[in-house]
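Given next are the chains, with one letter for each unit.
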Amino acid sequence: MSEPLLQVRGLTKRYGARLACADVSFDLVPGEVLAVVGESGSGKSTLLSLIATELAPDAGTVSYRMRDGDLRDLAGLSEAGRRALMRTEWGFVRQDAAQGLRMAVSAGGNVGERLMGMGERHYGRIRAQALDWLGRVEIAADRIDDPPTRFSGGMRQRLQIARNLVTGPRLVLMDEPTSGLDVSVQARLLDLIRRLSAELGLAVIIVTHDLAVARLLSHRIVVMRAGRVIETGLTDQVLDDPAQAYTQLLVSSVLAA
Amino acid sequence: MTALLTFQDVAKSFTLHLRGGVVLPVVGDVSLAVEPGECVVLGGPSGAGKSSLLKMAYGNYRCDAGAIRIRDGDAVIDVVRADPRVMLSLRARVIAYVSQFLRVIPRVPALDVVEAAGREGGLDAATAQARAKDLLARLNLPERLWGLPPATFSGGEQQRVNIARGLIADRPLLLLDEPTASLDAQNRAVVAELVREKLKGGAGVLGIFHDSEMRDAVATRVVDVTRFAPPARAA
């Protein structure tokens, strides 16, 4: 079995007296899609921010297997080293596209920026790759010079995906990528995420409150409540035969997940 | 030779935490085996736990006790204790599960659904494509439907997509839960033939077929699951 790409151990974060994330541990192997589910306030988005090193934990570690095969504690990297990692090997698709995109920059610029961050300077190559990726996320080529402010919600999310995947990341974090979209648009985006993650062998951590999204996309699932992981396992097993009272409540509260 | 699938002293119940923790026993003391080339059909009234047994073998339901061993090449894996990643790998290579219901991502065309299942089952892209077309044709799914997402199909058409998806790869253990429930006689006969081909190739089947014609066409043995009825509980 492949070695873990990401190793999370004992992650804990408090906001005052409230535990936002309590002693969370898991491994993620290459190509694996892990869903983190729970109600709002369960700590799932905090967990994602901790993993992305956007928040500092009160305790615990996040380790990542670098290209050289070394498993490194991200807290031990320099700020510049962490930024470089996030810009190249990691992607982060946000719920609010305005946080994940530069809204005043063209679609092509949004995709090209991450390439330039990796040192690419050749305008023609950047534009060609941007075009290629816009095509892969089903955005018409003639929209390349439009800023995302002129895009629909679904298009913005697809543009975020292109921007994140153009650098060939190995790990992509997704925070409620389909919420707030029309159902038909959601389906298209889910299909896209599933296809690309399988084709590219991406490891993905997807935070969602939508159990149907978790079922369609993820291999494994983590159920969080009040900052704690209360149940974890094979996605279909946890959804079809939940052991914990809270998971049973979640599953029985939705219409046919 | 080890059996492809062995249930040993398996028990299963559901605990309904939202109903005051009431425990619903499903089955107890289940022991049975499926050898290569064998089609073991589960019999008994509905509610006796037939589908649950298939779901337990697939790792979709947990077990309270016992072991469910599945042969994986030279190794034997106990599904009850297997790590989720081991289970996923078994599903990709060893176990095919076909239920009555097709659950797919909306918007994906039927042919793509079947091809993708082939690739996930270890076929190369060209083989997956050729087999997907061959299977859909054999199952009499009109070619004009291949490029359409199955959500709009009739129950029988969806079921044929589901069967094609389940049978496309070369997995040695088939778990079939009423795969022919909404099919007409002609298509049931096609499915029976597909199953017999798998058996001839050394695969083993654990299945549920209410239709007696279908059962007679494929079963090598029928196991009545009422003999696995859980012990009556004290109130």
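Criteria and thresholds
- Per-chain numbering applies: the sequence of each chain, read as written, is numbered from 1 onward.
- Numbering of ligands from 1 and lettering of chains from A proceed in the order in which they are written.
- Where local features are concerned, this predicted model is filtered to residues with pLDDT of at least 70; where side-chain atom pairs are given and counted, the filter is 80 or more; whole-chain, interface and lining totals use all residues.
- Here, residues touch in the contact sense if the C-beta positions derived from the backbone fall within 7 Å of one another.
- Helix and strand definitions follow DSSP, with helices as H or I runs of at least four residues and strands as E runs of at least two, each counted in order from the N terminus.
- In this classification, Asp, Glu, Lys and Arg are treated as charged, Ala, Val, Leu, Ile, Met, Phe, Trp, Tyr, Cys and Pro as nonpolar, and every other residue, Gly included, as polar.
- In this analysis, strands are considered paired if DSSP registers two or more bridges between them.
- Whether a residue is buried, exposed or partly exposed is read from the other C-beta atoms within 10 Å of its own C-beta, which are placed from the backbone; 20 or more gives buried, 12 or fewer gives exposed, and intermediate counts give partly exposed.
- With axes taken as lines fitted to C-alpha atoms, and helix axes fitted only over the stretch in contact, angles between N-to-C directions fall between 0 and 180 degrees.
- The cut-offs work like this: below 35 degrees is roughly parallel, past 145 is roughly antiparallel, 65 to 115 is roughly perpendicular, and the gaps in between are oblique.
- For any helix crossing, the convention is left-handed if the near helix is rotated counterclockwise from the far helix by under a right angle, and right-handed if that rotation is clockwise.
- One nonpolar core equals one set of buried Ala, Val, Leu, Ile, Met, Phe, Trp, Tyr and Cys residues connected by C-beta atoms within 7 Å.

Comments concerning the interface of chain A and chain B
Every contact between the two is made by 21 residues of chain A and, on the other side, 14 residues of chain B. For the side of chain A that touches chain B, the leading source of residues is helix α7 (residues 183-200) of chain A, giving five residues. Looking at the side of chain A that touches chain B residue by residue, the classes come out as nine nonpolar, five polar and seven charged.

Observations concerning the environment of B:H210
Relative to the assigned elements, B:H210 resides in the loop between β8 (204-208) and α7 (212-218). A C-alpha to C-alpha distance of 28 Å links B:H210 and B:A65, two positions 145 residues apart in sequence.

Section: the pairing of strand β2 (residues 22-34) of chain B
All names here are of chain B. Across nine bridges, the pairing between strand β1 (residues 5-16) and β2 is antiparallel. Looking at β2, one finds that F14 is bridged to L24. Here β1 folds back onto β2, and the loop between the two strands holds five residues, one of which, G20, carries a positive phi near 65°.

Topic: helix α1 (residues 44-51) of chain A
Helical periodicity: at 3.6 residues per turn, an α-helix aligns residues three or four positions apart in one direction. Residues and elements named next belong to chain A. With six of eight residues buried, α1 is to be regarded as a mostly interior element. For α1, the set of buried residues is K44, T46, L47, L48, L50 and I51. Among the residues trailing α1, T53 stands out with phi positive, at a value near 60°.

Comments concerning the sheet that holds strand β7 (residues 173-177) of chain B
All names here are of chain B. With respect to topology, five strands assemble into an open sheet ordered β6-β7-β8-β3-β9, the strand pairing being parallel. On the outer flanks of this sheet lie β6 (95-98) and β9 (221-224), each paired with one strand and no other. Averaged over all neighbouring strand pairs, the angle between strand axes comes to 20°, with direction disregarded. When strand β3 (residues 39-43) meets β9, the two strands line up parallel, connected through four bridges. Along β9, the bridge assignment pairs V41 with V222.

A few points about the packing of helix α4 (residues 107-117) of chain A against helix α5 (residues 123-136) of chain A
Residue and element names in this part refer to chain A. Close contact between α4 and α5 brings their axes to 9 Å; oriented N to C, the two are set at 120°. As far as their axial angle goes, α5 and α4 are oblique. Judged by the twist between their axes, the crossing of α4 over α5 is right-handed. Residues A107, G108, V111, G112, L115 and M116 of α4 lie in contact with α5, whose contacting residues are I126, R127, Q129, A130, W133 and L134.

With respect to the nonpolar core
Residues and elements named next belong to chain B. A57, V114, A164 and L175 are the most contacted members of the largest nonpolar core, which totals 128 residues. Counting residues per element, this core draws most heavily on helix α3 (residues 110-120), at six residues. Look past the residues within four positions of L175 in its chain and what remains in contact with it is L54, A57, Y58, I95, A96, Y97 and L206.

Some details on the environment of A:S45
All names here are of chain A. Structurally, S45 is set in helix α1. S45 sits in the partly exposed class, given 19 other C-beta atoms within 10 Å. Spatially, the C-alpha atoms of S45 and V185 are 23 Å apart, while their sequence positions differ by 140 residues.

Some details on the packing of α3(B) against helix α4 (residues 125-138) of chain B
Residue and element names in this part refer to chain B. The interhelical angle for the contact between α3 and α4, taken along N-to-C directions, is 130°, at an axis separation of 8 Å. If you check the angle between α3 and α4, you find them oblique. Remark: the crossing between α3 and α4 carries right-handed chirality. Of the residues in α4, those touching α3 at L111, V114, E115, G118 and R119 are A125, T127, A128, Q129, R131, A132, L135 and L136. Of the residues in the contact of α3 with α4, the class split is seven nonpolar, three polar and three charged.

What about the environment of A:P147?
Residue and element names in this part refer to chain A. The topology assignment puts P147 in the loop between α5 and α6 (153-165). The exposure class assigned to P147 is partly exposed, which follows from the 16 C-beta atoms found within 10 Å. It is 30 Å that separates the C-alpha atoms of P147 and I51, two residues lying 96 residues apart in sequence.

Observations regarding unusual backbone geometry
Positive phi values are uncommon outside glycine, yet A:A226 reaches one of about 50°. With respect to the helices and strands, A:A226 occurs in the loop between β9 (220-225) and β10 (228-234). For A:A226, a count of 15 C-beta atoms within 10 Å corresponds to the partly exposed category. Here the phi dihedral of B:D9 falls at roughly 50°; this positive angle occurs in a residue that is not glycine. In this structure, B:D9 sits in strand β1. When the 12 C-beta atoms within 10 Å are taken as the criterion, B:D9 is described as exposed.

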